[in-house]
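For reference, the chains in residue letters:
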Amino acid sequence: MDKAVTFAVAGSGKTRSIVDRIDPSRRSLVITYTTNTEDDLRRRIAKRLDGHPATVTVNTYFSFLNRFCYKPFLHSEMCSRGISFAIPTKESSRMPLTSRLRYMHGDRIYHCRMAKLLTVKGYMEELRARVDRYYDDVFVDEVQDFGGHDFNFLLALAKTKATFRLVGDFYQHTFATSHDGNVNRSLHDNYEAYRKRFEMAGFHVDISSLSESHRCASQVCEYITKTLGIQIASAASTNVSVEVLESQADVDRVYANPGIVKLFLEQHWLYGCNSHNWGACKGLDHYEDVCVVLNPTSWALFSRGHLSQAKPIIRNKLYVAFSRARGNLFIAPEKLFRKHRGAS
């Protein structure tokens, strides 16, 4: 069994590393989390291979889980009519693992329990055989976003004859495929423990091949390392600046420049400018100059030099935001943008 996981840094070419490995003479399955990344993978594959070969399948994780894994084995038995992305009710969580009521939200199956149901029903061996029947190579992008039962399911599924190549950035974990109670709740609390989970599952762990960012200049990488405590090196040769904006005039200047994208913690659309939210811009690779707007709590930590002590989910989202910059990086407090809130 040829299994490997590569831990990468932002802008190091995670998606490209998958696309470059695809051999059109072999049957390949590519799994990712978001539809945005799915579309990007399809475009890159088509560009590299001059079209989309019939031997290559690209799916989001839940599309794969539903169509390839769940429906062939359990759809008729469960009589489900789609997937529910709701949080399971307390009543369903009290039901036995073997009870249909534990997995259903009305006539829909809970997304966060589909993988567990397949395991409880004893279909893992048949699923691994099904993977081997249809695919030679399996690639998984953004593996850091697998959580809950889905993480366990992925490691169990990988015990096939097919090669498995997983790629992700531990510190870009900004949301999980699913949560279910305390299942893998502490999975992303510690990098070394996370890495150990893959090693114990028989994966070779690669921490060197994608360790340098081709997107961010050295000034931005050094700033991320110093400010957030996340190690990232640069392979880019560009020379940029990192500037903290503390005056209204400077913020107004940046706000008025449509070429500078403004990244907010949330509700970016309220500011009527070229903008996005910190975590939601993950996977986007086309920004040049970026202004990261810090909410009051983050600005207070930043002002004391303690931004690395922010809650892990906040620190990770900031890492995503900072690392979008191909060009200059600006940091500013949200309070100086308030005059523009509600602009159109």
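Residues numbered from 1 in each chain as written. Predicted model: local features only at pLDDT ≥ 70, side-chain atom pairs only at ≥ 80, totals over all residues. Heavy atoms only, no water.

Peer 1: Describe the nonpolar core, listing the residues and the values that go with them.
Peer 2: If you look at the biggest cluster of nonpolar residues, it comprises 46 residues, and the most contacted ones within it are Leu65, Leu127, Val143, Phe153, Leu166 and Phe198. In contact with Val143, not counting residues within four places along its chain, are Val5, Leu154, Leu166, Val167, Gly168, Tyr194 and Phe198. Within the second largest apolar cluster, 35 residues are counted, among which are Cys281, Ala321, Ala325 and Ile331. (Core = buried A, V, L, I, M, F, W, Y, C linked by side-chain atoms within 4.5 Å. Buried < 20%, exposed > 50% of the residue type's maximum accessible area, 1.4 Å probe, protein only. Contact = heavy atoms within 4.5 Å.)

Peer 1: Explain the sheet that holds strand E12 (residues 242–244) residue by residue, including any values.
Peer 2: Strand order in the open sheet formed by five strands is E12-E16-E15-E13-E14, and the pairing between neighbours is parallel. Only two strands of the sheet have a single partner each, and these edge strands are E12 and strand E14 (275–277). Across the sheet, the axes of successive neighbouring strands diverge by a mean angle of 25 degrees, strand direction being ignored. Across four bridges, the pairing between strand E13 (residues 260–264) and strand E15 (residues 289–294) is parallel. Bridge pairing in E15 places Leu263 opposite Val292. Across the face of the sheet, helix H9 (residues 218–228) comes into contact with E12 and strand E16 (329–333) while running at roughly 50 degrees to E12. Packed on one face of the sheet, helix H12 (residues 312–322) meets E13, E15 and E16 and runs near 155 degrees to E15. (Pairing = 2+ DSSP bridges. Helix = DSSP H or I, 4+ residues; strand = E, 2+ residues; numbered from the N terminus. Axes fitted to C-alpha atoms, helices over the stretch in contact; angles between N-to-C directions.)

Peer 1: With reference to specific residues and values, describe the environment of Cys112.
Peer 2: Looking at the element boundaries, Cys112 is found in the loop between strand E6 (108–110) and helix H5 (114–120). Exposure remark for Cys112: the relative accessible area of 1% places this residue in the buried category. Considering only alpha carbons, one finds Cys112 and Arg21, 91 residues apart in sequence, at a separation of 30 Å. Discounting residues that sit within four places of it in the chain, Cys112 has contacts with Pro88, His149, Ser178, His179 and Asp180.

Peer 1: Help me get a handle on the pattern of salt bridges, residues and values and all.
Peer 2: The tally for this structure, following the rule as stated, stands at 17 salt bridges. A salt bridge links Arg27 to Asp136; the nearest nitrogen and oxygen atoms lie 3.0 Å apart. Residue Arg27 is found in the loop between helix H1 (14–21) and strand E2 (28–32), and its partner Asp136 is found in the loop between helix H6 (124–134) and strand E7 (137–140); the two are separated by 109 residues along the sequence. Taking the relative accessible area as the measure of exposure, Arg27 reaches 30% and is therefore partly exposed. Ionic pairing is found between Arg215 and Asp285, a salt bridge with its closest N-O pair at 2.6 Å. Placement of the pair is Arg215 in the loop between strand E10 (212–213) and H9 and Asp285 in the loop between E14 and E15, with a sequence separation of 70 residues. Beyond isolated ion pairs, a larger network of salt bridges with shared partners links Asp40, Arg43 and Arg44. (Salt bridge = Lys/Arg side-chain N within 4 Å of Asp/Glu carboxyl O.)

Interpretation note: all reported values are geometric properties and have no functional meaning in isolation.
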